[in-house]
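Below, each chain spelled out in residue letters.
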Amino acid sequence: MKKALVFSVCLGLVISLSGCSKAESSEVSKEESSSSAAASQEDNVELLKRIDDQQKLIDEQSKKLDKAEEILNKMFAPEGTQSVFSEDFDINELSSLSGDVHPIYDDTAVVEAYKSGDDSKLTDDKDKFILKTAAKAIKDNIKDKMTDFEKEKAIYDYVFSQGRYDEGNLAAIPHTADYSHTPYGVLHDHTAICVGNATTFKLFMDMLGIDCKIIHSTETGEHAWNMVKLDDEWYHVDITFDGGSAKPAYSQFNVTDETKEQAGYPWSRDEFPEAKSVKYNFAVMNAKKVDSFYDTAALFQKAIKDKKQFCYFKLKLTDTEKKTEGVAYYYNSIMSEIGYQIGGGVCDCNAIQGFVNDGYYYGGISIVYAGEYQADLEDEGQRYDFSSIQLDYGKLYDSYLNTFGVSIDTSLFSTEYNG
């Protein structure tokens, strides 16, 4: 396919050049055809030079295509199979862009060693390191009379502090840490992908006797997170999608099925317990009530002034808003623009994925003073009609202009969204 492509480019070039020459010669009068041989020879030289220049360009592009083919074959076509440029290559057989699915670490031996106080059955030095490090972390962070929620949060904070997301191990040919999908990668190398965060968090929950599961989603790319049981209710916990930087923002800490579903990674509901409680949801526990959406400007300004890492609020929905499908997306889209605008060079502010519960919209921002970037919120696959929501964009614009001196682009807030 690639060679055919290069040949077609060459052929097209020759045809275009010869066509141009024929068109020009057809218009040449008999008087011009009798012009000097020297002039004709100069034209031929110029034409040959153009062909030569184009050939050099084609050769350069061909070399680049050869290199691209080599790289893509290494990534997506196992040795002995057809080239990705072959006409018979099945694009549906491409390896996942995120690389091979990573195995889930089995923490059984380490947990048993911790609970029994006997590590003699551990034969892997990495497991011994995991046990020693995890035991010390529990000793340092878990105090007597802590509730399960307090233990969970202490471990969440600890695991968050240990890992730095390892994008290299997401490639088809990993070029950084080999263990970032395991607790060893998190605790020893301090590099982690989602599987590493999830297996490390579960390891600690198992050591502490708190029910915990791992959801390993591979349908639309690989992602892994946890479910944890507190007071007989289950919650989703996703350290990787936390939204914070130097410290956690807790945007995916103890969330419901509905909130987790917005993150875009599906899971089999039949295989996992339902998560519908918000009792220990961090946003619900820490949100400040605002009388109107316009009051969020002053709330965020104070949070930035006080050097907070996050700021949550809750807004009571009107009866009309409660009946509006997708109202959480509506406010999330506005929050995304607000977060983008209000940092003012002092910090980066990013909208935290909001949700609706019990007649309130819960939203907020994570505040990153070091300047790191988090992706904007996305919502897909659903059509929403927001024409019934009576938010005064002019008043919203004025509230942020007067408070932060920034202009919120209200033209982004369509009354209709087609995901």
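Each residue is numbered by its place in its chain's sequence as written, counting from 1. For this predicted model, a pLDDT threshold of at least 70 governs which residues receive local features, and a threshold of 80 or more governs which side-chain atom pairs are given and counted, while totals over whole chains, interfaces and linings are taken from all residues. The side-chain values count all of the structure's non-hydrogen atoms but skip hydrogen atoms and water molecules.

## Considerations on the pairing of strand S6 (residues 310-316)
Put simply, the rule reads: Only strands that DSSP links by at least two bridges are regarded as paired with each other. For the purposes of this entry, the term helix denotes a DSSP run of H or I that reaches at least four residues, the term strand denotes a run of E that reaches at least two, and both are numbered from the N terminus. The handedness of a crossover follows from its direction of travel: if, with the strands pointing away from the viewer, the path from the first strand over the helix to the second runs clockwise, the crossover is right-handed.
Pairing analysis gives three bridges linking strand S5 (residues 288-290) to S6, with the strands arranged parallel. Bridge pairing links lysine 288 to phenylalanine 313 in S6. Between the parallel elements S5 and S6, the chain passes through helix H11 (residues 296-305) in a crossover that is right-handed. Of the strand pairs in this sheet, S6 and strand S8 (residues 360-368) are connected by seven bridges, and their pairing is antiparallel. Bridge pairing in S8 places cysteine 311 opposite isoleucine 365.

## A short note on the pattern of salt bridges
Applied cut-off: Salt bridges are identified by distance alone: a Lys or Arg side-chain nitrogen within 4 Å of an Asp or Glu carboxyl oxygen. Three exposure classes are used, based on accessible area relative to the maximum for each residue type with a 1.4 Å probe and protein chains only: buried under 20%, partly exposed in between, and exposed over 50%.
Using the criterion set out here, one finds 10 salt bridges in the structure. One salt bridge in this structure joins lysine 126 and aspartate 124, with 3.6 Å as the shortest N-O distance. Judged by its relative accessible area of 25%, lysine 126 falls in the partly exposed class. Among the ionic pairs, aspartate 306 bridges to lysine 302, the shortest N-O distance being 2.7 Å. The class of lysine 302 is exposed, set by a relative accessible area of 53%.

## Topic: the packing of aromatic side chains
Let me state the cut-off plainly: Note on aromatic contacts: the rings of Phe and Tyr and the six-membered ring of Trp form a pair at centre separations within 6.5 Å, being stacked when their planes are under 30 degrees apart, edge-to-face when over 60 apart, and tilted otherwise. Geometrically, a charge over a ring is one whose NZ (Lys) or CZ (Arg) sits within 6 Å of the ring centre while staying within 35 degrees of the ring normal.
What the rule picks out here adds up to 26 aromatic pairs. Taking 6.2 Å as the distance between ring centres and 70° as the angle between the ring planes, the aromatic pair formed by phenylalanine 282 and tyrosine 312 counts as edge-to-face. Placement of phenylalanine 282 in helix H10 (residues 282-286) and of tyrosine 312 in strand S6 is noted, with a sequence separation of 30 residues between them. Phenylalanine 282 sits in the buried class, given a relative accessible area of 6%. Here the aromatic rings of tyrosine 330 and tyrosine 331 are separated by 5.2 Å at their centres, their planes lie at 75°, and the arrangement is edge-to-face. By relative accessible area, tyrosine 330 is classed as buried at 1%. An aromatic cluster is present here, built from Phe149, Tyr156, Tyr235, Tyr250, Phe253, Tyr280, Phe282, Phe310 and Tyr312 joined pairwise through their rings. Sitting above the plane of the tryptophan 225 ring, lysine 260 keeps its charged end 4.8 Å from the centroid. Positioned above the aromatic ring of tyrosine 360, the side-chain terminus of lysine 314 is 4.8 Å from the ring centre.

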